[in-house]
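A look at the structure
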Amino acid sequence: MSGRRPLVGAALAAGLALLALSAAAAPAAAETVIKLATLVPDGSVWDKALRRMGAEWSRATSGRVALRVYPGGVAGDEPDVIRKMRIGQIHAGTITISGLSEIDPAFRVLGIPLFYDSYEELFEVLERLEPTFAEKLRGKGFELVHWGHAGWVRLFSAKPIGTIDELKALKIFVWAGEDETVQWWVRNGYKPVALAATDIMTGLQTGMIEVLPTTPLAALSLQWFRQTPYMSELGLAPLVGATIVTRRAWEKISEEDRAAIRAAARKLEADLEREIPSQDETAIREMRSRGLEVVPTADAAAWRSEAAVFARTMRETMVPPEVYDEALAARDASRRRNAAGGGR
């Protein structure tokens, strides 16, 4: 027995050395894994952009921070994602104005119909109000990482819509949870139907909803246009969202790594800002080749008048007046600059 001990000891030492070498060769696990949930479709332009950003987070932080994306609503609708973020099941979300407005009503100012005539006006407002939005999110336990752009909202419908009266005759999708918005629609003669975003396709297929405000790229990506073969010529509003992270998760990341994360996030934001408008136009051409009909607007002045009534209601009851006024000032400054021949 005693003669075998050196052999056993040598084998054990060799084994330990091998394990040590293997551990040294294996990539280190990320110190922080950020789980991000979103409604953006799996494989879509937005999903791919988020995954590229995640790869850059890992590279720029030498693997200390990793991003794990859960797309396509697998974690539920936006209210579900926000609830899961608050209890720590999810650390981040890429969410639309609807979800952001559930956190703080100030974000509703970004989605007022016909408030913006161009992306330039939207970007002016975002730049002016970003410190306000970031502060409001921090007060609710979240950190703003970057904005996301999804295109310009049009009305997709089962029947042609050229006038306000034609819109009022049809059942229009409204995000579940937006009770004040639903009440406004009802008071003004519309037929809102509140649904979770994850139930949109079912709602369209069953006739529960007949009008869907969405962007061309989203309508194509999610095949909603097959149930809504008519699209309004008039663009209603830009669809903007943001990626936010819980403060608990954010504070576990070093200052150096936060800077690297923000740099990658801002690159994603710039990429979407540059690419999405042209992809929206490409989506319209693709859907038209498959039977989509673009419906001319019969009376643009009537639509703008109705939108102005909605905007006044927003300022009085649904958006903090000081936020609305600051957004209006930024938008009007952009218009004056453009009228004078200047740019942003």
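Given the structure is predicted, the values throughout are model-derived calculations rather than measurements.

The rules behind each value
Residues numbered from 1 in each chain as written. Predicted model: local features only at pLDDT ≥ 70, side-chain atom pairs only at ≥ 80, totals over all residues. Heavy atoms only, no water. Helix = DSSP H or I, 4+ residues; strand = E, 2+ residues; numbered from the N terminus. Buried < 20%, exposed > 50% of the residue type's maximum accessible area, 1.4 Å probe, protein only. Contact = heavy atoms within 4.5 Å. Areas by Shrake-Rupley, 256 points an atom, 1.4 Å probe, with all protein chains shown as cover. Lys, Arg positive; Asp, Glu negative; His and termini not counted. Charge placed at Lys NZ, Arg CZ, Asp CG, Glu CD. Core = buried A, V, L, I, M, F, W, Y, C linked by side-chain atoms within 4.5 Å. Polar contact = N/O pair within 3.5 Å; in protein donor to acceptor, adjacent residues only side chain to side chain. Arc of directions from axis to C-beta. Pairing = 2+ DSSP bridges. Salt bridge = Lys/Arg side-chain N within 4 Å of Asp/Glu carboxyl O. Phe/Tyr/Trp six-rings, centres within 6.5 Å; stacked < 30°, edge-to-face > 60°. Lys NZ or Arg CZ within 6 Å of the ring centre and 35° of its normal. Axes fitted to C-alpha atoms, helices over the stretch in contact; angles between N-to-C directions. Parallel < 35°, antiparallel > 145°, perpendicular 65-115°, else oblique. Left-handed = near helix turned anticlockwise from the far one by under 90°. Nonpolar A, V, L, I, M, F, W, Y, C, P; charged D, E, K, R; others polar. pLDDT = per-residue confidence, 0-100.

**Quick word on the overall build of the chain**
The helix and strand inventory of the chain stands at 13 helices and ten strands. If you line up the chain on its principal axes, its C-alpha atoms span 100 × 45 × 35 Å. Counting over 344 residues, the chain shows a buried share of 49%. Long-range pairs, those at least 24 residues apart, make up 77% of the contacts in the chain with a sequence separation of at least 6. Counting only carbon and sulfur atoms, one obtains 54% of the accessible surface of the chain, whose full area is about 16100 Å². Looking at charge distribution, the chain has the averaged site of its 43 positive side-chain charges lying 6 Å from that of its 44 negative ones.

**Thoughts on the nonpolar core**
Judged by nonpolar contacts, the single largest core of 60 residues is most densely connected at V109, L110, W147 and I244. Sorting elements by how many residues they give to this core places helix 5 (residues 119–139) first, with nine residues. Excluding residues within four positions of it along the chain, L110 makes contact with I97, Y116, L122, V125, L126, F133, W147, P238 and V240. Grouped together as the second largest cluster of nonpolar side chains are 46 residues, I209, A218, L220 and L268 included.

**What to know about the side chain of D104**
Here D104 lies in the loop between helix 4 (97–103) and helix 5. Reaching out from D104, the side chain makes a polar contact with the side chain of K140 at a distance of 3.1 Å. In this structure D104 touches K136 and K140, once residues within four positions along its chain are discounted.

**Description of helix 3 (residues 78–86)**
Listed in full, the buried residues belonging to helix 3 are E78, V81, I82, K84 and M85. For helix 3, the arc enclosing every buried residue in end-on projection is 165 degrees, short of the 170-degree limit, so these residues lie on one face. Remark: G88 follows helix 3 within two positions and exhibits a positive phi of approximately 90 degrees.

**Examining the pairing of strand 4 (residues 142–157)**
Extensive coverage of strand 4 is indicated by the burial of 16 of its 16 residues. Sheet topology places strand 4 next to strand 7 (residues 211–214); four bridges connect them, and they run antiparallel. For S157, the partnering residue across the bridge sits in strand 7 and is V211. As defined by bridge partners, strand 4 adjoins strand 8 (residues 230–232) across two bridges and the pair is classed as antiparallel. The partner of S157 across the bridge, within strand 8, is Y230.

**Thoughts on the pattern of salt bridges**
In total, this model carries 23 salt bridges according to the counting rule given. Note that R51 and D42 form a salt bridge whose closest N and O atoms lie 3.8 Å from each other. Taken together, the shared-partner salt bridges connect R138, E143, R247, E251 and R262 into one network.

**Quick word on the packing of aromatic side chains**
What the rule picks out here adds up to 13 aromatic pairs. Ring centres 4.9 Å apart and planes at 70 degrees place the aromatic pair F115 and Y116 in the edge-to-face group. A relative accessible area of 3% means that F115 is categorised as buried. Geometrically, the ring pair formed by F115 and Y324 is edge-to-face, given 5.7 Å between the ring centres and 65 degrees between the ring planes. Taken together, the residues F115 in the loop between helix 4 and helix 5 and Y324 in helix 13 (residues 321–339) connect sequence positions 209 residues apart. Here F115 matches Y324 in class, with each residue buried. Ring pairing ties together the aromatic residues W184, W185, Y190 and F310, which thus form one cluster. Residue placement shows K168 over the ring face of Y190; its charged tip is 5.2 Å from the ring centre. Over the ring of F115 we find R331; its NZ or CZ atom is 4.6 Å from the centre of that ring.

**Thoughts on the packing of helix 7 (residues 179–187) against helix 12 (residues 300–318)**
The geometry of helix 7 relative to helix 12 is characterised by a closest axis approach of 12 Å and an angle of 140 degrees between their N-to-C directions. Viewed along their axes, helix 7 and helix 12 adopt a mutual orientation that is oblique. The two elements helix 7 and helix 12 meet at a crossing, and its hand is right-handed. Packed against helix 7, whose contacting residues are E180, T181, W184 and R187, the element helix 12 presents E306, V309, F310, T313, T317 and M318 at the interface. When its residues are assigned to classes, the contact of helix 7 with helix 12 shows four nonpolar, three polar and three charged.

**Digging into the confidence of the model for the chain**
Predicted coordinates in regions of low pLDDT should not be interpreted in detail. Per-residue confidence for the chain averages 89 on the pLDDT scale, and 90% of its residues sit at or above 70. Note on residues 1–28: pLDDT is under 50 here. Beyond four places in sequence and across chains, it has zero contacts.

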